[in-house]
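# Summary of structural features
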Amino acid sequence: WASSSTHLIELAPKANRFQDHSAPQREAIGSQSTSPILIDRQGRLLRTIDAALARWDGATWQRIGAQNGLSPGNPINALALDPNGDVWMGSGSNGIAHWVGYESWEGWTQKDGLPDSSVWSLSWRDKSHLLIGTERGPAQLDIASRQIFHFFASKDWQYGQVSGLLKDSRGSVWASTWTGKVVRIDPETRRLTLAADLQWLLFGSTWTTSGDLLFLA
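A short tour of the structure in this document, coming up.

This brings us to the pattern of salt bridges. Enumeration over the complete set of coordinates arrives at three salt bridges. When the shortest N-O distance is used, the salt bridge between R44 and D40 registers 2.9 Å. Assessed through its relative accessible area of 23%, R44 is described here as partly exposed. D40 sits in the buried class, given a relative accessible area of 9%. Note that D116 and R136 form a salt bridge whose closest N and O atoms lie 3.2 Å from each other. Placement of D116 in the loop between β11 (105-108) and β12 (119-126) and of R136 in the loop between β13 (129-134) and β14 (137-142) is noted, with a sequence separation of 20 residues between them.

Here you go:
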């Protein structure tokens, strides 16, 4: 699957061409520059529509928004699926929100300990800890205690908006930023190391399954 602000396309197994599944109306597509997508446990695709979500069941689109009790903030910049099948969202104005049902919500903002309420990226460190990339640095949410943990001793983050967060095979956390910085974080010592200073990183990074090679985009 691949998505943009205007289209959603699918390359089926053994197919040679992508198929267009774009929603028919502009409202259902959204106008934001980022367009995260994920697949839920039922195989349905979720994508963002500004302050709402659209769900594709293989035949039709369903809009899930304020009328369903969904109000995580505008726009929704990041999506993640946890081991229980719940959806987590990072917004551009209201921190993160946890979807545990259509009408049941739990959220964290700067008032609850996030470096900033503008969230750009989400990634799981393990089954119990969610990595959160914000406007003013990375953080981690402990799911059991519901507490936010900061990865850096100083309150000042010098590297810009966090566009991606990942854990490598050695346990280090890596952060990429919109300004092209790649920062290695030691969660135990809370030491930050600038590993690379690139010209631009648009949508973050990803590790290979072996955890020994980092791809940047």
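What follows picks up the thread again.
Before going further, it helps to examine the pairing of strand β17 (residues 173-177). Among the five residues of β17, five are classified as buried, and the element is accordingly described as predominantly covered. Side-chain alternation along β17 places V173, A175 and T177 on one buried face and W174 and S176 on a second face that is also buried. Taking the residues that link successive antiparallel strands as the turn, the strand β16 (residues 162-167)-β17 hairpin has five residues, and the phi of G171 there is positive, at about 100 degrees. Pairing of β17 with strand β18 (residues 181-186), which is carried by four bridges, proceeds in the antiparallel orientation. Each bridged residue has a counterpart across the sheet, and for S176 the counterpart in β18 is V182.

Glancing now at the sheet that holds strand β4 (residues 37-39). Reading across the sheet, the four strands line up as β4-β5-β6-β7 and stay open at both edges, with antiparallel pairing between neighbours. Single-partner strands in this sheet number two, and they are β4 and β7 (61-64). Going across the sheet, the axis of each strand differs from the next one's by a mean of 25 degrees, ignoring polarity. Looking at chain direction, strand β6 (residues 52-56) and β7 are connected through four bridges and run antiparallel. When the bridges of β7 are listed, A54 appears paired with R63.

Moving on to the sheet that holds strand β15 (residues 147-150). Taking strand neighbours across the sheet as the criterion, the four strands line up as β12-β13-β14-β15 in an open arrangement whose pairing is antiparallel. Of all the strands in the sheet, the pair left with one neighbour each is β12 and β15. On average, each strand axis in the sheet is inclined to that of its neighbour by 30 degrees, with strand direction left out of account. As defined by bridge partners, β12 adjoins β13 across six bridges and the pair is classed as antiparallel. Pairing of L122 across the sheet is with I132, part of β13.

Attention shifts here to unusual backbone geometry. Within the chain, K14 stands out as a residue other than glycine whose phi angle is a positive 70 degrees. With respect to the helices and strands, the residue K14 is situated in the loop between β2 (8-10) and β3 (19-20). In this model, R146 sits at a positive phi of 65 degrees, which is unusual for a non-glycine residue. Structurally, R146 can be placed in the loop between β14 and β15. For R146, a relative accessible area of 27% corresponds to the partly exposed category.

Along the chain, D86 falls in the loop between β8 (76-81) and β9 (87-91). The side chain of D86 sits in the buried core without any salt bridge; R146 is the nearest counter-charge, 7.0 Å away. In terms of polar contacts, D86 uses its side chain to reach the side chain of H98, at 2.9 Å. Ignoring sequence-local partners within four residues, the contact set of D86 consists of A80, L81, H98, W99 and V100.

Cut-offs used in this document
- Residues numbered from 1 in each chain as written.
- Predicted model: local features only at pLDDT ≥ 70, side-chain atom pairs only at ≥ 80, totals over all residues.
- Heavy atoms only, no water.
- Salt bridge = Lys/Arg side-chain N within 4 Å of Asp/Glu carboxyl O.
- Buried < 20%, exposed > 50% of the residue type's maximum accessible area, 1.4 Å probe, protein only.
- Helix = DSSP H or I, 4+ residues; strand = E, 2+ residues; numbered from the N terminus.
- Pairing = 2+ DSSP bridges.
- Axes fitted to C-alpha atoms, helices over the stretch in contact; angles between N-to-C directions.
- Lys, Arg positive; Asp, Glu negative; His and termini not counted.
- Polar contact = N/O pair within 3.5 Å; in protein donor to acceptor, adjacent residues only side chain to side chain.
- Contact = heavy atoms within 4.5 Å.

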